[in-house]
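Here's the letter readout for the chains.
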Amino acid sequence: MAQFIVPKTMHHGLGSLEKLTELKGSKAVIVIGGGSVKRNGSLAQVQKYLSDASIESVVFSDVEADPSIETVIEGAKFMQTEKPDVIIGLGGCSAIDAAKAMWIYYEYPDSKLEELVELFAVKPLRNKAIFVAIPSTSGTGTEITGLSVITDREKGTKYPIVSYELTPDVAIIDATLSASMPKHITANTGLDALSHGVEAYVSNISERYSDSLAKGAIDLVFKNLPTVFENPDNLEVRQAMHDASCMAGMAFNNVWLGIIHSISHQIGGTFAIPHGCANAILMPNVIRFNSKSTDKYTDLAALVGKSTAEEFAQEVSNLRASVGVVASFKEYGISAKDWDAKLDLMAANAMKDPCTLFNPRKLELHEMKAIMQACYDGVAIEF
Ligand SMILES: NC(=O)c1ccc[n+]([C@@H]2O[C@H](COP(=O)([O-])OP(=O)(O)OC[C@H]3O[C@@H](n4cnc5c(N)ncnc54)[C@H](O)[C@@H]3O)[C@@H](O)[C@H]2O)c1
Ligand SMILES: [Zn+2]
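Some details on the coordination of the zinc ion (ligand 2)
Angles at a metal have ideal values that depend on geometry: 109.5 degrees with four tetrahedral donors, 90 or 180 degrees with six octahedral donors.
Here's step 1: Protein coordination at the zinc ion (ligand 2): the donors are D192 (OD), H196 (NE2), H261 (NE2) and H275 (NE2), at 2.1 Å from the metal.
Here's step 2: Given 4 donor atoms and angles of 85 to 168° at the metal, the environment of the zinc ion (ligand 2) is assigned as irregular.
Here's step 3: Between consecutive donor residues of the zinc ion (ligand 2), the sequence gaps follow D-x3-H-x64-H-x13-H. Linking H196 in helix α6 (residues 183–202) with H261 in helix α9 (residues 259–271), this pair joins segments that are 65 residues apart in sequence. The pair formed by H196 and H261 is uniform in burial state, with each residue classed as buried.

Right, here's the structure in full:
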């Protein structure tokens, strides 16, 4: 017996943003990042559709990449003043995740991050507002996940707030918003979607529903990421990547992720390396490590015309290279001195990350460190 959680309403396809005209509410706070949604015209479009639905809207802007708790509290205060009954996260996942966490603090102003990071600690939401998620990147699937990732810069770590309460009420998956992504963001976010599909597929609680969504997403990424990288204006291919991201999100929202994410939460928090880039560097070695405990990578190898886990790991490396993403943390530019100084702490924290619980192969601290070091050096692990 199992449950499978998805949002109440998902609109997908080119032009589906227009469905905002059917939204019910009186006032919306729209949370955005650094301004890409202003420049690509989607903020103006969202505000026009809200106005058509007789919903007043105000904007909270400048959410930084990998949002901090300080930004979340500032946004929640803005919401206390504006009193929205609709919260819209519009933009990259950083803006949407910040909006989700602001939603918690708006409904429960006395919330504390250290309590929220306990699994499923978020109290019932929707007393003051519903949540609409409109992604402009094609990677994280946050538009349908019960997850918000907040960064503590002082501690150099990322905290996932996990609760199905955070699953948006409405998700709009319209690739006209993602078409303006520059190549490196297209590549990093697309590889993040791939890592979600791969980790969900081999999760130790994977099941039929998540498997089919994960496999479908992986297939879409292999077929479309190199094409969209070369043809950024092809909206059909953009939509395929937007759908892949959402499908992989639906899969991992229900069966979780593994140690690729446990490690990248640490490396991202410590060295500010883009999330999808870190995952892509880690993926081949984690596949090699996990393949001693699961046969499921051979199914994924078959999707790309191969038969073994090692061949699948190679295909992931080839895909990464084809979209211009570096092969190691050393190549990314992290100095050996900085890496050595942080490795022990990052590995210890990665062991404690909730994603580690769902990895198909149990591991010891020394194995975690060895995987991380091999990915720093850019060599294949052999254990
Ligand atoms: N909530 C979840 O389910 C979940 C899952 C995985 C990762 N995460 C977290 O998500 C964050 C990464 O999110 P992301 O990959 O979406 O990146 P992001 O939101 O940090 O955005 C990256 C950059 O892309 C720009 N950008 C976004 N959309 C654009 C567009 N259409 N055109 C031009 N520029 C655009 C942004 O302004 C920003 O500079 C990390 O903090 C990661 O830990 C969350
Ligand atoms: Zn991810």
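Digging into the site of ligand 1
Here's step 1: Lining the immediate environment of ligand 1, one finds 27 residues, of which D66, S94, S136, T137 and T145 sit closest.
Here's step 2: Side-chain polar atom of T137 to an oxygen atom of ligand 1: 2.7 Å apart, as the coordinates give it.
Here's step 3: The contact in question runs from a nitrogen atom of ligand 1 to an N or O atom on the backbone of L147, over 3.2 Å.
Here's step 4: In isolation ligand 1 has 870 Å² of accessible area, and contact with the protein removes 85% of it.

A short note on the pattern of salt bridges
Here's step 1: Applying the stated criterion across every chain, the model contains 15 salt bridges.
Here's step 2: Between K183 and E230 there is a salt bridge, with the nearest N and O atoms lying 4.0 Å from each other. Here E230 lies in helix α7 (residues 208–230) and K183 lies in helix α6, a separation of 47 residues in the sequence.
Here's step 3: The exposure class of K183 is partly exposed, given its relative accessible area of 39%.
Here's step 4: Note that D211 and K296 form a salt bridge whose closest N and O atoms lie 3.0 Å from each other.

A short note on the domain arrangement of the chain
Here's step 1: Assigned domains of the chain: these are domain 1 (9–173) and domain 2 (185–377).
Here's step 2: The C-alpha-based centres of domain 1 and domain 2 are spaced at 25 Å.
Here's step 3: Contact residues are listed per partner, giving 26 residues for domain 1 and 28 residues for domain 2.
Here's step 4: Summing the contributions of domain 1 and of domain 2, the shared interface buries around 2,200 Å²; its carbon and sulfur component is 59%.
Here's step 5: Viewed at the interface, domain 2 and domain 1 are joined by 0 salt bridges.
Here's step 6: When contributions to the side of domain 1 that touches domain 2 are tallied by element, the ones reaching two or more residues are β1 (9–12) and β7 (157–162).
Here's step 7: Here the side of domain 1 that touches domain 2 gets 4 residues from one element, more than from any other, and that element is β7.
Here's step 8: When its residues are assigned to classes, the side of domain 1 that touches domain 2 shows 11 nonpolar, 13 polar and 2 charged.

Cut-offs and rules
Residues numbered from 1 in each chain as written. Chains lettered and ligands numbered in written order. Predicted model: local features only at pLDDT ≥ 70, side-chain atom pairs only at ≥ 80, totals over all residues. Heavy atoms only, no water. Donors = N, O, S within 2.8 Å, 3.2 Å for Na, K, Ca; no water. Tetrahedral: all angles 85-135°; square planar, octahedral: opposite > 155°, others 65-115°. Helix = DSSP H or I, 4+ residues; strand = E, 2+ residues; numbered from the N terminus. Buried < 20%, exposed > 50% of the residue type's maximum accessible area, 1.4 Å probe, protein only. Near = heavy atom within 4 Å. Polar contact = N/O pair within 3.5 Å; in protein donor to acceptor, adjacent residues only side chain to side chain. Areas by Shrake-Rupley, 256 points an atom, 1.4 Å probe, with all protein chains shown as cover. Salt bridge = Lys/Arg side-chain N within 4 Å of Asp/Glu carboxyl O. Domains from an automatic or database assignment. Contact = heavy atoms within 4.5 Å. Buried area = accessible area lost by both parts, 1.4 Å probe. Nonpolar A, V, L, I, M, F, W, Y, C, P; charged D, E, K, R; others polar.

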